[in-house]
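Listed below are the residues making up each chain.
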Amino acid sequence: MVAKQLHICLFENNYPNKSGADGGGAGWYLKTISKEHIKRGHKVTVVKRITNHYIRNYTDGVGVRVIHFHYSSKFLTYFSKFVLLKIFSRSIDYLYHGWISYKEIIKLNEKYRFDVLEFSEGGNFWIGFSKKFKYISHLHCSHYTIYKQCGLNVPVGHYIERLVSFIAMNRANAILSPSKAMISIVEKEKNGKFKNKYVIPLAVEKNITSFHEKNTNCVKFIFASRNDSLKGGDTLLRAIDLVNNNYFGKTKFYFIGYEPNEDYSYHSNIVFKKFMPRNELLKFYNQCHVALLPTQFDNSPLFVYEAMAAALPVIATNIGGIPELIKHGKTGYLFNKMDHLQLSNYIIDLIEDVKKREMMGNNAQNFIRNYASVEKIAEQKLNLYRKIIGVNCRAI
């Protein structure tokens, strides 16, 4: 029996652009998995919401059709001017632009005929009520969740938007997350269980190399993230202060994407680099020995997957879905949020013990290649798509 060729439509504004630049972790994950799906004979379309009228649709290098539809922020700006309406502005924006994208997908479906839609996080309110499509809500990490998990005050507007988005999630054919932890967190937020929930990790390709510099006279660490204070750059800098008391001349710390405070002076073994294109970042892993992620909250960071695939042990915060990736003492270390002393001790341990560092790196690579190989994850996602659209047959 020949498998049905699926046409998968993904809604992701952070999908990499035509040149291959930009794109968040979720976007690059979708590009990786879409490449494998296309290789198996399926079609993939990505829909992105943009403000620039002049960006044209295109088919990218892996065969994904990328379609843009325009939206304006004037609507949201207008409502934000009124105090009483301001708290509803995010919810109104969610519904308004959801309606625009709903009309757009109706037109696109007439031309391309999609089998399944996949949305990041809150999905689309209107598609949930249309019953014209089978769709998945993929949990990554909402602003609301970040506020809650970081112990910050949640703006009323974010809370109301979250309540509205729960309606769309509850009507989805499936809830998908790369970690068990995120599903549990969101279920607590909405005070109820999802009926059809699935955990499928992100994916990594085997072509991420792991030929590290053999010179261990200088142990090199990498921390890559967007420039966001909640990613824990300050915690890492405090840890480095302690490490440098005895290991200043033996270490180098690379901050990729983190912008330093120009009012401060930093140790010369700390190197700040602008966020680099992904192909350069993948090569840069080979110049390093250990990956660091001191984030205050995260779901299942692609940075961890990629670093492990490059045979780097990872020292990361013990929060969110990260403990599902890092096995403490075997593939890296987990430390308590914002505990720079504990972080510094783990850094020192891997500076001093070369054999342990290499052993953990090899363990990390073996684990992630089995846990999140692109071939394995692609098949799991295809099986989920087939299940929700009622197609039961083998993969191509």
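Shown above is the structure to which this text applies.
A brief report on the enclosed structure follows. Remember, it's a predicted structure, so these values are computed and weren't measured experimentally. (Residues numbered from 1 in each chain as written. Predicted model: local features only at pLDDT ≥ 70, side-chain atom pairs only at ≥ 80, totals over all residues. Heavy atoms only, no water.)

**Some remarks on the overall build of the chain**
Where we set the bar: Only DSSP runs of H or I with at least four residues qualify as helices, and only runs of E with at least two residues qualify as strands; both kinds are numbered from the N terminus onward. The cut-offs for exposure are 20% and 50% of the maximum accessible area for each residue type, with area from a 1.4 Å probe on protein chains only; residues under the lower value are buried, those over the upper are exposed, and the others partly exposed. Any two residues having at least one pair of non-hydrogen atoms within 4.5 Å are treated as being in contact. The method behind every accessible area is Shrake-Rupley, applied with a 1.4 Å probe, and residues are considered shielded solely by the protein chains displayed. In this tally, Lys and Arg are treated as positive and Asp and Glu as negative; His is ignored, and so are the chain termini. By convention, charge coordinates are those of NZ in Lys, CZ in Arg, CG in Asp, or CD in Glu.
Each helix and strand counted, the chain has 14 helices and 14 strands in total. Taken over the C-alpha atoms alone, the chain extends approximately 65 × 60 × 45 Å along its principal axes. Within the span of the chain, comprising 396 residues, buried residues form 54% of the whole. Of the contacts made within the chain by residues no fewer than 6 positions apart, 64% connect residues no fewer than 24 positions apart. Carbon and sulfur atoms make up 51% of the accessible area of the chain, which totals about 18700 Å². Positive and negative side-chain charges of the chain, numbering 55 and 32 respectively, have mean locations separated by a distance of 8 Å.

**Side note on the sheet that holds strand β13 (residues 314–317)**
Put simply, the rule reads: Two strands form a pair only when DSSP identifies at least two bridges running between them. Angular values range over 0 to 180 degrees, each being the angle between N-to-C directions of two axes fitted as lines to C-alpha atoms, with helices fitted over their stretch in contact.
The six strands lie next to each other as β11-β10-β9-β12-β13-β14, forming an open sheet whose pairing is parallel. Either end of the sheet is taken by a strand with one partner, and the two such strands are β11 (270–273) and β14 (332–335). Taking the axes of each pair of neighbouring strands and ignoring which way they run, one obtains an average angle of 20° across the sheet. Both β13 and β14 contribute to a ladder of four bridges, which runs parallel. Across the sheet, threonine 317 pairs through a bridge with phenylalanine 335, a residue of β14. Of the strands in this sheet, β9 (219–224), β12 (290–293) and β13 are in contact with helix α11 (residues 302–309), which crosses β12 at around 170°.

**Brief notes about the packing of helix α12 (residues 340–352) against helix α13 (residues 354–371)**
Angle between the axes and distance between the axes: these two values describe a pair of packed helices. Stated precisely, the cut-off is as follows: In what follows, roughly perpendicular refers to angles from 65 to 115 degrees, roughly parallel to angles under 35, roughly antiparallel to angles over 145, and oblique to any angle outside these ranges. Basically, the charged four are Asp, Glu, Lys and Arg, the nonpolar ten are Ala, Val, Leu, Ile, Met, Phe, Trp, Tyr, Cys and Pro, and anything else, Gly included, counts as polar.
In contact at an axis separation of 5 Å, α12 and α13 are set at 105° when each is read in the N-to-C sense. The orientation of α12 with respect to α13, classified from their angle, is roughly perpendicular. Listed contacts from α13 to Asp349, Leu350, Ile351 and Glu352 of α12 are Val354, Lys356, Arg357 and Met360. In the contact of α12 with α13, the residues fall into four nonpolar, no polar and four charged.

**Regarding unusual backbone geometry**
At asparagine 191, a residue that is not glycine, the phi angle is positive and equals roughly 55°. With respect to the helices and strands, asparagine 191 occurs in the loop between α8 (180–190) and β8 (197–199). Asparagine 191 sits in the exposed class, given a relative accessible area of 71%. Despite not being glycine, alanine 311 has its phi angle at roughly 65°, a positive value.

**Thoughts on the sheet that holds β8**
If you walk across this open sheet you meet the eight strands as β3-β4-β2-β1-β5-β6-β7-β8, and the pairing is mixed. Two strands lie at the open edges of the sheet, namely β3 (58–59) and β8, each paired on one side alone. Summarising the sheet, β3 and strand β4 (residues 65–70) pair through two bridges and their orientation is antiparallel. Of the residues in β4, the one forming a bridge with threonine 59 is arginine 65.

**Examining the pairing of strand β2 (residues 43–50)**
Here is the rule: We call a crossover right-handed when, viewed with the strands running away from us, the connection from the first strand over the helix to the second turns clockwise.
A large share of β2 lies buried, amounting to six of its eight residues. Summarising the sheet, strand β1 (residues 7–11) and β2 pair through five bridges and their orientation is parallel. When the bridges of β2 are listed, leucine 10 appears paired with valine 46. You can see the chain leave β1, run along helix α1 (residues 25–39) and come back into β2, and the turn it takes is right-handed. The pairing of β2 with β4 spans six bridges and is parallel. The residue of β4 that forms the bridge with arginine 49 is phenylalanine 69.

**Brief notes about the packing of aromatic side chains**
For the record, the criterion: By convention, a stacked pair of Phe, Tyr or Trp rings (six-membered ring in the case of Trp) has centres within 6.5 Å and planes under 30 degrees apart, an edge-to-face pair has planes over 60 apart, and any other such pair is tilted.
Applying the stated criterion to the full structure yields 19 aromatic pairs. Seen from their ring centres, phenylalanine 119 and tyrosine 135 are 5.9 Å apart, and the 85° between their planes marks the pair as edge-to-face. One end of the pair, phenylalanine 119, is in strand β5 (residues 116–120); the other, tyrosine 135, is in strand β6 (residues 135–138), and 16 residues separate them in sequence. Summarising the burial analysis for this pair, phenylalanine 119 and tyrosine 135 share the class buried. Here phenylalanine 125 and tryptophan 126 contribute two aromatic rings whose centre-to-centre distance is 5.0 Å and whose plane-to-plane angle is 80°, an arrangement assigned as edge-to-face. Given a relative accessible area of 28%, tryptophan 126 falls into the partly exposed group.

**Structural notes on the pattern of salt bridges**
One side chain can pair with another of opposite charge once the charged atoms of both are near each other. Our working definition: We define a salt bridge as a side-chain nitrogen of Lys or Arg found within 4 Å of a carboxyl oxygen belonging to Asp or Glu.
In total, this model carries 17 salt bridges according to the counting rule given. In this structure, glutamate 118 engages lysine 381 in a salt bridge whose closest nitrogen and oxygen atoms are separated by 2.9 Å. Here glutamate 118, found in strand β5, pairs with lysine 381, found in helix α14 (residues 374–389); they are 263 residues apart in sequence, far enough to count as distant. By the burial criterion, glutamate 118 is buried, and lysine 381 matches it. For aspartate 228, the salt bridge identified is with arginine 226, shortest N-O distance 3.4 Å. The network of salt bridges with common partners includes Glu36, Lys39, Arg40, Glu379 and Arg386.

**Topic: the side chain of arginine 386**
Here is the rule: Residues adjacent in sequence count toward polar contacts only when both atoms are side-chain atoms; beyond that, a polar contact is any pair of N or O atoms within 3.5 Å, and within protein one must be able to donate a hydrogen and the other to accept it.
Mapped onto the secondary structure, arginine 386 falls in helix α14. Residue classification places arginine 386 among the buried positions, given a relative accessible area of 2%. A distance of 3.1 Å separates polar atoms of two side chains, one belonging to arginine 386 and the other to asparagine 383.

**Re α14**
Test applied: Expected helix span is taken as 1.5 Å per residue step, with the number of steps being one fewer than the number of residues.
Between the first and last C-alpha of α14 there are 22 Å, a value that for 16 residues agrees with the 22 Å anticipated at 1.5 Å per step. Turning to α14, its buried residues number three or more, namely Val374, Ile377, Ala378, Lys381, Leu382, Leu384, Tyr385, Arg386 and Ile388. Within two residues after α14, glycine 390 carries a phi angle of roughly 80°, on the positive side.

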